[in-house]
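Descriptive structure summary
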Amino acid sequence: MSAVVNDGGIPPAPQASDSKTFGRGFKDLVDGFRNSELWLHLGWTDIKQRYKRSVLGPLWITVATGVTAVAMGILYGELFHQDIKVFLPYVTLGFIFWGFIETSILDGSVVFSTNEGLIKQLPAPTSVHVYRVVWRSLIIFAHNIVIYLILLAVFPQPLGWTVLLVFPALLLYALNAVWTTIVFGIMSTRFRDIGQLLTTAVRLVFFMTPIIWSAQSLSSTGADESSRLKLVELNPMYHYLEIARGPLLGQHVALYHWLIVIGCTAVGWTAAMFVMRNYRARVAYWV
């Protein structure tokens, strides 16, 4: 078949590809979200496969987190001379929300490299695997939050209407889980060392974040303690924990915590859209 030419006898210029546009990246996110039946099934299957043939099944998630949180809460409560009725729920919620953050980062960084066969054989948007990780993290969170409900019955907290703020906090958690999975997942597929660096970094940040120790213990009148508290506030994870943990402990959460988390979310999503625009189509070749 002869090429179509214009009146001057010159073939028309080829149309520019729109594969590397923000529009295509956003469309991938929308199409993947609409394909909810697939990623809901894959995320739940991941949980069942992890605890296949065990007696308790997914309840091991709750047992493991509960034993660790209670043991660490009692130990560090005694070391720091904290009131166990207040400190144990504090540590437990820290473990629960940190678990969501940790699984979102570490599982998200390997989601593409560990699902090579599915990615190459299943014609689905790239974001399907992103939502799969977020959904799986939410399932684990739902198992773990039962521990807090048990502690709430044993050690009642002064809860008010501000407890409802945990829902926008969880929404921000989910939005951040999406962009971290996109950025770290795609980039670590290209550079496999990123996954190892993230594992080390997450372990380090855990000890630098007020989870098994309290930031309030540093806020005394001494100059050294005040400067230490300022260093703690430089850690973004501190603010992520505050907006979710504070409402469930009946504490007032300062506005600046929310503003910092929202700012981090905006920066993260900007990076995610850049990665989706430029590298989304290469994932199938990199795995």
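Conventions adopted
- Residues numbered from 1 in each chain as written.
- Predicted model: local features only at pLDDT ≥ 70, side-chain atom pairs only at ≥ 80, totals over all residues.
- Heavy atoms only, no water.
- UniProt positions renumbered as here; feature names shortened; annotations may be inferred.
- Helix = DSSP H or I, 4+ residues; strand = E, 2+ residues; numbered from the N terminus.
- Buried < 20%, exposed > 50% of the residue type's maximum accessible area, 1.4 Å probe, protein only.
- Expected span 1.5 Å × (residues − 1).
- Arc of directions from axis to C-beta.
- Contact = heavy atoms within 4.5 Å.
- Phe/Tyr/Trp six-rings, centres within 6.5 Å; stacked < 30°, edge-to-face > 60°.
- Lys NZ or Arg CZ within 6 Å of the ring centre and 35° of its normal.
- Patch = residues over 30% accessible without salt bridge, like charges linked within 9 Å, V, L, I, M, F, W, Y side chains within 5 Å.
- Areas by Shrake-Rupley, 256 points an atom, 1.4 Å probe, with all protein chains shown as cover.
- Salt bridge = Lys/Arg side-chain N within 4 Å of Asp/Glu carboxyl O.

- Named according to an unreviewed UniProt entry, the chain is Putative ABC transporter permease protein originating from Gordonia sihwensis NBRC 108236.
- Word for word, the UniProt comment on the chain under Subcellular location (unreviewed entry) is "Cell membrane".
- Turning to the chain, the UniProt record has this under Sequence similarities (unreviewed entry): "Belongs to the ABC-2 integral membrane protein family."

Focus: unusual backbone geometry
- Of note in this structure, His81 is not a glycine but carries a positive phi near 55°.
- Mapped onto the fold, His81 is located in the loop between helix H3 (59–79) and helix H4 (84–109).
- Note on His81: relative accessible area 72%, which makes it exposed.

Topic: H3
- Its 21 residues place the ends of H3 30 Å apart at the C-alpha level, agreeing with the 30 Å of an ideal helix rising 1.5 Å per residue.
- Along H3, the residues classified as buried are Ile61, Thr62, Thr65, Gly66, Ala69, Gly73 and Gly77. Angularly, the buried residues of H3 cover 110° about the axis, an arc narrow enough to put them on a single face. More than 90 degrees from the buried face of H3, the exposed residues found are Val67, Glu78 and Leu79.
- On the buried face of H3, the contacting elements are helix H2 (36–50), H4 and helix H6 (127–154).
- His81 sits one or two positions beyond H3 and adopts a positive phi of about 55°.

Here's the deal with the packing of aromatic side chains
- Within the structure shown, the criterion is met by 15 aromatic pairs.
- Relative to Phe206, the ring of Phe95 has its centre 5.9 Å away and its plane inclined at 55°; by these criteria the two rings are tilted. Of this pair, Phe95 sits in helix H4 while Phe206 sits in helix H8 (residues 193–208), and the two are 111 residues apart along the sequence. Each member of the pair, Phe95 as well as Phe206, carries the same accessibility label: buried.
- Ring centres of Phe100 and Tyr173 lie 5.8 Å apart, and the angle between their planes is 45°; on these two criteria the pair is classed as tilted. Taken together, the positions of Phe100 in helix H4 and Tyr173 in helix H7 (residues 166–190) put the pair 73 residues apart, joining distant regions of the chain.
- Looking at Tyr173, the relative accessible area reads 3%, which means it is buried.
- One aromatic cluster in this structure is built from Phe97, Phe100, Phe141, Tyr173 and Tyr240.
- The ring centre of Phe191 lies 4.9 Å from the NZ or CZ of Arg190, which sits over that ring.

Points about a nonpolar patch on the surface
- Nonpolar side chains collect at one region of the surface, where Trp60, Val63 and Val67 lie side by side and expose about 270 Å² of accessible area between them.
- Positionally, Trp60 belongs in helix H3.
- Residue Trp60 is classed as partly exposed on the basis of its relative accessible area of 41%.

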